[in-house]
Amino acid sequence: MRPAPSSTEAGASRGFVHLREGIESFLRFARGKVWSEASPREKLHALSVAVRRPALDAMRESERRYLDQDAKRLYYLSLEFLMGRALGNNLMNLGLYDDTKAITAEMGVDLDQLESLEPDAALGNGGLGRLAACFLDSLATMNYPGFGYGINYEFGLFRQTFVNGFQHEKPDHWLEGGSPWLIERPDDVIAVPVYGSVAHNTLRGTYKPAWIDAKVLIGVPHDMPIVGYGGTTVNVLRLFSAQSSDEFDIGIFNAGDYISAVQHKINTEAISKILYPSDAIQSGRELRLLQEYFLVACSIRDIVKRYRQTHDSFDDFPAKVAIQMNDTHPALTIAELMRMFIDEYHLAWEHAWAITVDTCGYTNHTLLPEASERWPTALLERVLPRHVQIIQEINRRLLAEVERRFPAEFGMQQRVSIIGEGEVRMANLAIAGSHSVNGVAALHSELVKKLLAPDFAKLWPERFNNKTNGVTPRRWLLHANRPLAHLITKAIGDGWIRDLNELRRLELFVDEGSLLERLDAVKSRNKLALAKLTMDLTDVAVDPESMFDVQVKRIHEYKRQLLNILHVVHRYWAIVEDGQTPVQPRTFIFAGKAAPGYFMAKLIIKLIHSVGEVVNSDPRTRDWLRVVFLPDYRVSLAEAIIPAAELSEQISTAGKEASGTGNMKMALNGALTIGTLDGANIEIRDEVGEENIFVFGLRAEEVTQLLASGYHPEQYLSANKTLRRVVDSIASGHFSRGDKDIFRPIVAKLLGSRDEYVHLADLESYIDTQQRVDIEYRDRPGWRRKSLLNIARMGKFSSDRTIAEYARDIWNVKPAVIGNFAHAAVLEE
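What counts as what
- Residues numbered from 1 in each chain as written.
- Predicted model: local features only at pLDDT ≥ 70, side-chain atom pairs only at ≥ 80, totals over all residues.
- Heavy atoms only, no water.
- 1 Å grid on protein atoms, 1.4 Å probe; cavity = no way out; pocket = protein on both sides within 12 Å on 5 of 7 lines; lining within 4 Å.
- Points joined across faces, edges and corners; volume = space filled by probe spheres on them.
- Helix = DSSP H or I, 4+ residues; strand = E, 2+ residues; numbered from the N terminus.
- Nonpolar A, V, L, I, M, F, W, Y, C, P; charged D, E, K, R; others polar.
- Pairing = 2+ DSSP bridges.
- Core = buried A, V, L, I, M, F, W, Y, C linked by side-chain atoms within 4.5 Å.
- Buried < 20%, exposed > 50% of the residue type's maximum accessible area, 1.4 Å probe, protein only.
- Contact = heavy atoms within 4.5 Å.
- Axes fitted to C-alpha atoms, helices over the stretch in contact; angles between N-to-C directions.
- Phe/Tyr/Trp six-rings, centres within 6.5 Å; stacked < 30°, edge-to-face > 60°.
- Lys NZ or Arg CZ within 6 Å of the ring centre and 35° of its normal.
- Salt bridge = Lys/Arg side-chain N within 4 Å of Asp/Glu carboxyl O.
- Polar contact = N/O pair within 3.5 Å; in protein donor to acceptor, adjacent residues only side chain to side chain.
- Parallel < 35°, antiparallel > 145°, perpendicular 65-115°, else oblique.

*Asks:* Describe empty space enclosed by the protein, and please don't skip the residues or the numbers.
*Replies:* In this structure the tally under the stated criterion is 6 cavities of 30 Å³ or more. There is about 90 Å³ of room inside the largest cavity. In this structure, the largest cavity is lined by Leu 516, Leu 519, Asp 520, Lys 523, Glu 646, Asn 669, Gly 670, Arg 780, Trp 783, Arg 784 and Ser 787. Contributing elements (two or more residues each) for the lining of the largest cavity: helix H22 (513–538) and helix H33 (780–792). Its residues placed into classes, the lining of the largest cavity shows 3 nonpolar, 3 polar and 5 charged. In terms of lining residues, the second largest cavity is bounded by Lys 553, Lys 559, Gln 650, Ile 651, Ser 652, Glu 657, Ser 659, Gly 660, Asn 663, Asp 678, Gly 679 and Asn 681. Its residues assigned to classes, the lining of the second largest cavity shows 1 nonpolar, 7 polar and 4 charged.

*Asks:* Quick one: what's the story with the sheet that holds strand E17 (residues 423–425), residue by residue and with numbers?
*Replies:* Spatial strand order, E15-E17-E16: 3 strands in an open sheet with antiparallel pairing. Edge strands, defined here as strands with exactly one partner in the open sheet, are strand E15 (374–376) and strand E16 (419–420).

*Asks:* How would you explain the nonpolar core if you had to name every residue and give the values?
*Replies:* In terms of nonpolar packing, the biggest core is built from 207 residues, with Phe 317, Trp 496 and Trp 811 touching the most fellow members. Looking at which element gives the most residues to this core, the answer is helix H10 (residues 285–308), with 13 residues. Excluding residues that lie within four positions of it along the chain, Trp 811 makes contacts with Lys 72, Leu 74, Leu 139, Ala 322, Gln 324, Ile 803 and Tyr 806. One finds Ala 595, Val 615, Tyr 711 and Phe 743 within the second-largest nonpolar core, a separate group that totals 65 residues.

*Asks:* Lay out the sheet that holds strand E25 (residues 694–695) in plain terms, naming residues and giving numbers.
*Replies:* On the basis of which strands lie adjacent, the open sheet formed by 6 strands has the order E22-E21-E20-E23-E24-E25 and parallel pairing. Every interior strand has two partners, whereas the edge strands, strand E22 (625–630) and E25, have only one. Bridging between strand E20 (residues 547–552) and strand E21 (residues 586–591) involves 6 bridges; their strand directions are parallel. By the bridge assignment, Val 552 is partnered in E21 with Ala 591. The sheet strands contacting H33 are strand E23 (647–650), strand E24 (672–675) and E25, and the helix crosses E24 at an angle near 85 degrees.

*Asks:* Tell me about the layout of surface pockets, and please be specific about residues and values.
*Replies:* Roughly 1,200 Å³ of internal volume is contained in the second largest pocket. Along the walls of the second largest pocket sit 32 residues, with Asp 112, Ala 529, Ser 636, Glu 639 and Ala 640 positioned nearest its centre. Of all the elements in the fold, those that place two or more residues in the lining of the second largest pocket are helix H3 (87–94), helix H4 (97–106), helix H5 (111–117), helix H20 (473–479), helix H21 (482–492), H22 and helix H25 (635–641). Considering each element in turn, the lining of the second largest pocket owes the most residues, 8 residues, to H22. Taken together, the residues of the lining of the second largest pocket sort by class into 12 nonpolar, 7 polar and 13 charged.

*Asks:* Break down the packing of aromatic side chains for me, with residues and values.
*Replies:* If you walk through the whole model with that rule in mind, you get 23 aromatic pairs. Seen in terms of ring centroids, Tyr 75 and Tyr 149 are 5.8 Å apart; in terms of plane orientation they differ by 35 degrees. Their pairing is tilted. On the criterion of sequence distance, the pair formed by Tyr 75 in strand E1 (residues 73–77) and Tyr 149 in strand E4 (residues 146–151) is long-range, its members being 74 residues apart. Its relative accessible area of 2% is what places Tyr 75 among the buried residues. In this structure Tyr 149 comes out as buried when scored by relative accessible area, which is 2%. Relative to Tyr 766, the ring of Phe 696 has its centre 4.9 Å away and its plane inclined at 40 degrees; by these criteria the two rings are tilted. Separated by 70 residues along the polypeptide, Phe 696 in the loop between E25 and helix H28 (700–709) and Tyr 766 in helix H32 (residues 759–778) bring together distant segments of the chain. With respect to class, Phe 696 is no different from Tyr 766; both count as buried. Here the aromatic residues Tyr 66, Tyr 75, Phe 147, Tyr 149 and Phe 240 are joined through ring pairs into a cluster of three or more. Here the guanidinium or amino end of Lys 527 rests over the ring plane of Phe 548, the centre of that ring lying 5.0 Å away. A cation sits over an aromatic face here: Lys 665 above Trp 476, 4.5 Å from the ring centre.

*Asks:* Quick rundown of the side chain of Asn 681? Include the residues and the values.
*Replies:* You can see Asn 681 is positioned in helix H27 (residues 681–688). Given a relative accessible area of 4%, Asn 681 falls into the buried group. Residues within four places of Asn 681 in sequence aside, it is in contact with Gln 650, Asn 663, Gly 675, Thr 676 and Ile 693.

*Asks:* Which residues make up the environment of Asn 395, and what values go with them?
*Replies:* Mapping Asn 395 onto the fold places it in helix H15 (residues 385–405). Exposure remark for Asn 395: the relative accessible area of 8% places this residue in the buried category. When the C-alpha positions of Asn 395 and Lys 665 are compared, they lie 41 Å apart, and in sequence the two are 270 residues distant. Aside from chain neighbours lying at most four places away, what touches Asn 395 is Ser 417, Ile 418 and Ile 419.

*Asks:* For the pairing of E4, give the residues involved together with the corresponding values.
*Replies:* E4 sits mainly inside the fold: 6 of its 6 residues count as buried. Along E4, one buried face is formed by Gly 146, Gly 148 and Gly 150 and the opposite face, lined by Phe 147, Tyr 149 and Ile 151, is buried too. Both E1 and E4 contribute to a ladder of 4 bridges, which runs parallel. From the neighbouring strand, Leu 77 faces E4, where its bridge partner is Tyr 149. Note: E4 against strand E12 (residues 234–244), 4 bridges, orientation parallel. When the bridges of E12 are listed, Gly 150 appears paired with Leu 239.

*Asks:* Tell me about the pattern of salt bridges, and please be specific about residues and values.
*Replies:* All told, the structure shown has 67 salt bridges when counted by the stated rule. Where Asp 120 meets Arg 634, a salt bridge forms, and the shortest distance between an N and an O atom there is 3.9 Å. With a gap of 514 residues between them, Asp 120 in the loop between H5 and strand E3 (121–123) and Arg 634 in the loop between E22 and H25 connect regions that are remote in the sequence. Taking the relative accessible area as the measure of exposure, Arg 634 reaches 30% and is therefore partly exposed.

*Asks:* Which residues make up the environment of Lys 814, and what values go with them?
*Replies:* Structurally, the position occupied by Lys 814 is in the segment after helix H34 (799–811). Side chain to side chain, Lys 814 and Asn 812 meet in a polar contact 2.9 Å long.

*Asks:* Describe the packing of helix H23 (residues 561–576) against helix H30 (residues 721–731), and please don't skip the residues or the numbers.
*Replies:* At a minimum axis distance of 9 Å, the contact between H23 and H30 shows a crossing angle of 105 degrees. Considering the angle they form, H23 stands roughly perpendicular to H30. Taking contact as the criterion, the partners of Leu 566, Val 569, His 570, Trp 573 and Ala 574 in H23 are, on H30, Thr 722, Arg 725, Val 726, Ser 729 and Ile 730.

In structure tokens:
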């Protein structure tokens, strides 16, 4: 007789039944079909809706818990959230993955195939948006009341294709057909005024300005559940869509001018139509400004509304609300809070300012001057006339404080001024209005104080701090690399999923041959899968026995994909002209998008394709070298590439990369890093040990000194004939079918003193270090050992650690736990 099932088995059985019932119910009542009649996309939608049910139940329970505890809440404002696909990640975090795989198999469908049909929620441009997504996962997993605010872009980041090696952009209509993970909240719409003018009124002798004749935008919230690991806490990412307050002008419509009648509606809804890649800031500046204010206005109104539901005054606002601005895009938060406090709630300036500063924090993500947001004052005044008044008053008081505290520092006022040369400097506004200003890696945070904002650091040194970035191990190891996750869990248990420092226990196995061989087998399996995907995407066959050398990230000159392909050209000539036999076959894997208006980045993509075309077809090199550029880089493609990577290219010019997170993801999956001492590479070296990373090139201070003293790239070519051969062969048209003009801009940049990314200064060191990589890789037991140690020593780079530091040092937010149980690990001082 079969024994009665345990309570755990019974609960799993009920969950199994409920999930299947949910799938069948949706198809029957929402689509009028049964499973066998449904299309693959309908099956995906039905499964997602069924999985959504327990997520929404947990979301409501989490909100009830926050209200019961009157918990302080963190609101994370970001113009970008690169969320990727939701189904697989949510199944894993809810503990339903295995059950669902069994259900779909029983119903004749492979779960992996269904997952592959889900479009990426590509609401971001790169690392900034992906970091925000990791943070949301950690906040929920650690039971923090943490919420994201963003824009519900109808079109995500463009879909990338290649024609003759040139990037072409196509619309990414990720919301086509709707998303089961977005819940519209039409009863919570928000009115957002823009344009208009300021009426200069006085009341009993007191100046009382009023914002009048404004056009009104409508923000419609859509909630995306953010499921923490274990399913105990489900937070919300609230995304706003823009709608017109008037569908159309009936008078104009009746006069026969139908296009003009709906023009305001068209213009308004363009605000949430498409994500603008960050490098194209000169195009559509007004629309970009409207996007930023739309995000801020909707978010702040929502935050204040929620606070006012349980509090009568704003005295406790900073004790119950923390707002983090992810870069300068939401910097108008400072002015909008002040406007609401003063104009709508009639607080005194000093009281409003104290609340604003105590509430807001600002994270800086870049030192690049072109990424430092500055809005023309005239444009800002036309779009947001009242806010310009407020910014002017903030600036007046700021300059008065500088004059009072540093009377002898004559240039300091000009440097810290929020307004200057006809522009509003958004970084200065964010710094002035925040109690905390942080960088995202130790070096970057020091450079923020030394280079970006030295006067502010002198004015308010206590505000500046570092919060080194991290990545969520749930998506980037447990979900993206299930074979490796299974191997780790079998060796040390599953505690690492919540506390990544547990990976240190893998060091106990560093000399155990059987585990190292299984680790190598996992990597080989992942390489085989990527080789198949590469063939499907590019028609280029790659050898899974070769070393997989990977550089995947946004294409930008400072990230130096150009340096990487120069090294490939060097290897090509070493085989073809010098008769060298390589130590090891190598496949160079590139992926990444260039901003549509970034000419040089797009030309570098073309060069990579052109070099690949020659290298891959030359019978002398094709068995030793392969170059592939995988199209349309996005989160789901990264989840296929990163587990297969063996060498991680993190080769930015020192001092240019704020942090990087791809470096963390690849090391966590067992790749060894070759990189400069830039961003988080420095801290990765400190954690994994110098012997387990390949460091080359100039340091940040050496780059600064070289550029200051005069950079002369020709001297590097004169001293090294092999380097000259690399550049000359590109200039001669060898890789462009004899066309000497196509890559002329790249050659001119390399040879010019204005190459601030000093490619040729680092090329020889890079080539020499790559030769050392070959030697180390040939020692297979030694390489496996280094790979294991990289995985074992990645504990610091969990976004859980980063979020715990933000919560402790900046937000003063505590986990809202059930009883005495807390998922948040205790952070040791």
